[in-house]
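Inside the fold
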Amino acid sequence: PHRGRLTVAADRKLKLDGEPESPQRTWAQDQLQSQVGHRPPASTREYDVSFADQTTTHPLGRLIKINDDPMDSVYRIRGDEITEVHRNMGKVRFIISVVETTRNPEGKYLPRTYTVSFWDAKSNQLTRSDVFQDEWTRTGDFDLPKRILNISTTGDGERIVRAIEFKNVRLAATEPAK
């Protein structure tokens, strides 16, 4: 186990205090940064998009391509939910597949169960598959992670199970905006 204090600032930068550097701390910090990074403030940005294929009956929804994205991002959308994200990151490509979501009081969806599959871009071999299960809690007007469970299986047959549990979660007092 690694115990520490997590602080997330208004600019979405996080600070993890506690025990010295370790593989567990590095993994936890990466997961926490991903949680924060994937939840930016609401945006009204417009994108140049097109349908990536002609399939209209896929169980996870329509495949939408972001035409000017440097990572060749493709999203699968069903209703108002993003159910898949496909990305190319040089030597690696990955797909996030959202299997289960939950809704907050405002009707926004939060991922509950999802997989992240990684392939070697050159050989097209699956190198790792991660399963995540997130639990959420409501604190004030914010939906915060309560627990993150990860089961990671590599192409070499290695299996790692990790979890992050949050305790004593509270929002810091802030000064009113000027």
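First, a word on what this report is: a plain description of the structure on this page. Given the structure is predicted, the values throughout are model-derived calculations rather than measurements. (Residues numbered from 1 in each chain as written. Predicted model: local features only at pLDDT ≥ 70, side-chain atom pairs only at ≥ 80, totals over all residues. Heavy atoms only, no water.)

On to the packing of aromatic side chains, then. What the rule picks out here adds up to 2 aromatic pairs. For the ring pair F94 and F118, a centre distance of 5.9 Å and an interplane angle of 40 degrees mean the geometry is tilted. In this pair, F94 sits in strand β7 (residues 92-103) while F118 sits in strand β8 (residues 109-120), placing the two residues 24 residues apart along the sequence. As far as burial versus exposure is concerned, F94 and F118 are alike and both buried. Ring centres 5.0 Å apart and planes at 10 degrees place the aromatic pair Y114 and F132 in the stacked group. (Phe/Tyr/Trp six-rings, centres within 6.5 Å; stacked < 30°, edge-to-face > 60°. Helix = DSSP H or I, 4+ residues; strand = E, 2+ residues; numbered from the N terminus. Buried < 20%, exposed > 50% of the residue type's maximum accessible area, 1.4 Å probe, protein only.)

Across the sheet, which stays open at both edges, the 9 strands sit in the order β3-β4-β5-β6-β7-β8-β9-β10-β11 with antiparallel pairing between neighbours. Each edge of the open sheet carries a strand with a single partner, namely β3 (49-51) and β11 (159-165). Along the sheet, successive strands turn relative to each other by an average axial angle of 20 degrees, direction set aside. Relative to strand β4 (residues 62-66), β3 is paired through 3 bridges, and the arrangement is antiparallel. In the sheet register, F51 faces β4, and the bridge partner there is I64. Sitting on the sheet, helix α1 (residues 23-37) touches β8, β9 (126-139), β10 (142-154) and β11, and the angle it makes with β11 is about 60 degrees. (Pairing = 2+ DSSP bridges. Axes fitted to C-alpha atoms, helices over the stretch in contact; angles between N-to-C directions. Contact = heavy atoms within 4.5 Å.)

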